[in-house]
Amino acid sequence: MEYLILTMRIIKKIMLGLLIISITIGVGTLLFLNTERFGKHPSAGRLVKIEQSPNFKNGSFQNLNHTPMLTEGVGYGKVMYEFFFSSKPKEPKIKIPSVKTDLKTMDITENVLIWMGHSSYFIQLDGKRILVDPVLSGNASPLSFTTKAYKGTDIYTTDDLPEIDFLFLSHDHWDHMDYKTLKKLKPKINKVITGLGNGAHLEHWGFDPHNILEGDWYDAFSFKNGFEISITPARHFSGRGFTRAKTLWASFVLKSPTTTIYIGGDSGYDTHFKDIGDKYGPFDLAILENGQYDKNWKYIHMLPGEQLKAANDLGAELVLPVHSGKFTLANHDWDEPFNKITDQANSSKIKVITPMIGEKVSFKDNLPRFKPWWNPTATQK
């Protein structure tokens, strides 16, 4: 009997200990999710405006067409199993090559684009300086020791950037809306262009609400000197924590006096590319996501080959593929997106440019044949 009582006391202490551990983990998680880096959900007047959007239904933003997170027949168990046990995506073994262009000393009359890795890039166009989805903190996650940038890809910091006329933020995922980068950039930003609801994050981080221009799909903003910016659809989702689709994901059309650019953000392939092409095209350049894809989530990221279909729909003869080359967020090898899209471009009328991080791409000059920098053993075709 004494042994039984002793055993029960031991079990009671173990259960109490486990309960305390569970409560501690739960409280710690809640506290972590409420730190500033996660931003804020839209409320008050911003929420009222969101609820009036035709794209906001049943408490969440919706894609134009039915968009399941996972492909039909795929469960989260299969995805988790592949991630932990069968997937071994190759990461670069050497330092990624780059060319660091001095952004502050460039002649303002130069019309150029400079890719910064993944979906971050700087554009100088007709006297305006433009920045898209800057992630310059070294990782794409709320935890600084995870989803780290490949060696050699983080050559730019916020200190290297000049004052920015237009900052585009396509959606609030960590690999596009980087808290640390945006906090440091805040004094340099004139106007922010983004989808509905994302201003709640930015205001929480100290941005002046008068500098934030939020819009629904097909809203447009006109500026001096012939600049017009339209917010256009994408096929994706949003969310920085466990809650999804409370802020709007988007692509953009940037029209300057000399150039029309499609800024794609993150998107699976869908009918919106043709609609945007019909309404705003043709485009001098389409910047399209090319990476972090998987057959298991084919509706929210384009699979190889769909980028050129999208470019054709848009009426774009020139494509800059992005969303790769800096972070591992999917199960494919790090260099696979570059190899596949350049191979496909060889049999297409659409030109694909693949500059190194930091390399100048001029809008005025005849575009060079960029070297396959991701494959040091390859020869230029």
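Use the structure listed above.
A brief look at the structure comes next.

What counts as what
- Residues numbered from 1 in each chain as written.
- Predicted model: local features only at pLDDT ≥ 70, side-chain atom pairs only at ≥ 80, totals over all residues.
- Heavy atoms only, no water.
- Buried < 20%, exposed > 50% of the residue type's maximum accessible area, 1.4 Å probe, protein only.
- Helix = DSSP H or I, 4+ residues; strand = E, 2+ residues; numbered from the N terminus.
- Arc of directions from axis to C-beta.
- Contact = heavy atoms within 4.5 Å.
- Polar contact = N/O pair within 3.5 Å; in protein donor to acceptor, adjacent residues only side chain to side chain.
- Phe/Tyr/Trp six-rings, centres within 6.5 Å; stacked < 30°, edge-to-face > 60°.
- Lys NZ or Arg CZ within 6 Å of the ring centre and 35° of its normal.
- Core = buried A, V, L, I, M, F, W, Y, C linked by side-chain atoms within 4.5 Å.
- Pairing = 2+ DSSP bridges.
- 1 Å grid on protein atoms, 1.4 Å probe; cavity = no way out; pocket = protein on both sides within 12 Å on 5 of 7 lines; lining within 4 Å.
- Points joined across faces, edges and corners; volume = space filled by probe spheres on them.
- Nonpolar A, V, L, I, M, F, W, Y, C, P; charged D, E, K, R; others polar.
- Salt bridge = Lys/Arg side-chain N within 4 Å of Asp/Glu carboxyl O.
- Axes fitted to C-alpha atoms, helices over the stretch in contact; angles between N-to-C directions.

Of all the positions in helix H8 (residues 336-345), only Pro337, Phe338, Ile341, Thr342 and Ala345 are classed as buried. Angularly, the buried residues of H8 cover 115° about the axis, an arc narrow enough to put them on a single face. Considering only its buried residues, H8 is in contact with strand S3 (112-115), helix H7 (306-314), strand S14 (318-322) and strand S15 (351-352).

A few words now on the side chain of glutamine 307. Examined against the element boundaries, glutamine 307 turns out to sit in helix H7. Overall, the relative accessible area of 1% leaves glutamine 307 in the buried class. Polar side-chain contacts of glutamine 307 include one of 3.4 Å to the side chain of asparagine 290. Excluding its chain neighbours within four sequence positions, the residues that come into contact with glutamine 307 are Leu288, Glu289, Asn290, Met302 and Ile341.

The next thing to look at is the packing of aromatic side chains. The description of an aromatic ring pair uses the distance of the two centres, along with the angle that the planes make with each other. A complete count under the given rule lists 22 aromatic pairs for this structure. Residues phenylalanine 56 and phenylalanine 61 carry aromatic rings whose centres are separated by 5.0 Å and whose planes lie at 75° to one another, so their mutual orientation is edge-to-face. Taken individually, phenylalanine 56 and phenylalanine 61 each receive the classification buried, so the pair is uniform in this respect. Look at phenylalanine 166 and phenylalanine 227: their rings are 6.0 Å apart centre to centre, the planes differ by 45°, and that puts the pair in the tilted class. Taken together, the residues phenylalanine 166 in strand S6 (residues 164-169) and phenylalanine 227 in strand S10 (residues 227-232) connect sequence positions 61 residues apart. Each member of the pair, phenylalanine 166 together with phenylalanine 227, is buried. The positively charged end of lysine 309 is found above the aromatic ring belonging to tyrosine 269, 4.4 Å away from the centroid.

We now examine the nonpolar core. Of all hydrophobic cores here, the largest spans 69 residues; its most connected members are Phe168, Leu254 and Ile287. Excluding anything up to four places from it in sequence, leucine 254 contacts Leu125, Ile130, Phe168, Phe227, Glu228, Ile229, Thr259, Thr260, Ile261 and Ile263. One finds Ala286, Leu288, Leu308 and Ala310 within the second-largest nonpolar core, a separate group that totals 19 residues.

This brings us to the pairing of S3. Consecutive side chains of a regular strand alternate in pointing toward one face of the sheet and then the other. Alternating positions in S3 separate into two faces, Val112 and Ile114 on one and Leu113 and Trp115 on the other, with burial throughout. Pairing of S3 with strand S4 (residues 121-125) involves 4 bridges; the strand directions are antiparallel. Its bridge partner being in S4, tryptophan 115 is matched across the sheet by tyrosine 121. Taking the residues that link successive antiparallel strands as the turn, the S3-S4 hairpin has 5 residues, and the phi of glycine 117 there is positive, at about 95°. Here S3 pairs with strand S16 (residues 360-362) via 3 bridges, running antiparallel. If you follow valine 112 over to S16, its bridge partner there is serine 362.

Once that is clear, we can look at the layout of surface pockets. By volume, the largest pocket is sized at about 1500 Å³. The greatest single-element share of the lining of the largest pocket, amounting to 5 residues, is contributed by helix H3 (residues 76-86). Residue composition of the lining of the largest pocket, by class: 21 nonpolar, 14 polar and 6 charged.

This next bit is on the sheet that holds S10. Pairing is mixed in the open sheet, where 7 strands are placed in the order S9-S10-S11-S12-S13-S14-S15. At either margin of the open sheet sits one strand with a lone partner, and together these are strand S9 (220-223) and S15. Here 4 bridges tie strand S13 (residues 285-289) to S14, and the two strands are oriented parallel to one another. Residue alanine 286 lies in a different strand from S14, and its bridge partner there is valine 319.

In this structure the tally under the stated criterion is 11 salt bridges. Across the salt bridge formed by lysine 326 and aspartate 154, the nearest N and O atoms sit 2.9 Å from each other. Of this pair, lysine 326 sits in the loop between S14 and H8 while aspartate 154 is found in the loop between strand S5 (128-132) and S6, placing the two residues 172 residues apart along the sequence. Across the salt bridge formed by aspartate 270 and arginine 235, the nearest N and O atoms sit 3.5 Å from each other.

Within the secondary structure, threonine 260 sits in strand S12 (residues 260-263). Aside from chain neighbours lying at most four places away, what touches threonine 260 is Val253, Leu254, Lys255, Tyr280, Pro282, Phe283, Asp284 and Leu285.

One key point about sheets: their strands pair by backbone hydrogen bonds, in either a parallel or an antiparallel sense. Across the sheet, which stays open at both edges, the 7 strands sit in the order S8-S7-S6-S5-S4-S3-S16 with mixed pairing between neighbours. This sheet does not close on itself; its edge strands, each paired only once, are strand S8 (212-215) and S16. Here the average twist between neighbouring strands, direction ignored, is 20°. In terms of strand pairing, strand S7 (residues 189-195) meets S8 through 4 bridges, oriented parallel. In the strand pairing of S8, valine 192 is matched with isoleucine 212.

This paragraph deals with the pairing of S12. In S12, alternate side chains face the same way, and those of Thr260 and Tyr262 on one face and Ile261 and Ile263 on the other are all buried. Relative to S12, strand S11 (residues 251-255) runs antiparallel, the two being bridged by 4 bridges. What sits directly across from leucine 254, in S12, is isoleucine 261. Connecting S11 to the antiparallel partner S12 that follows it, the hairpin turn spans 4 residues. Of the strand pairs in this sheet, S12 and S13 are connected by 3 bridges, and their pairing is parallel.

Limitation: the analysis is restricted to geometry and does not speak to function.
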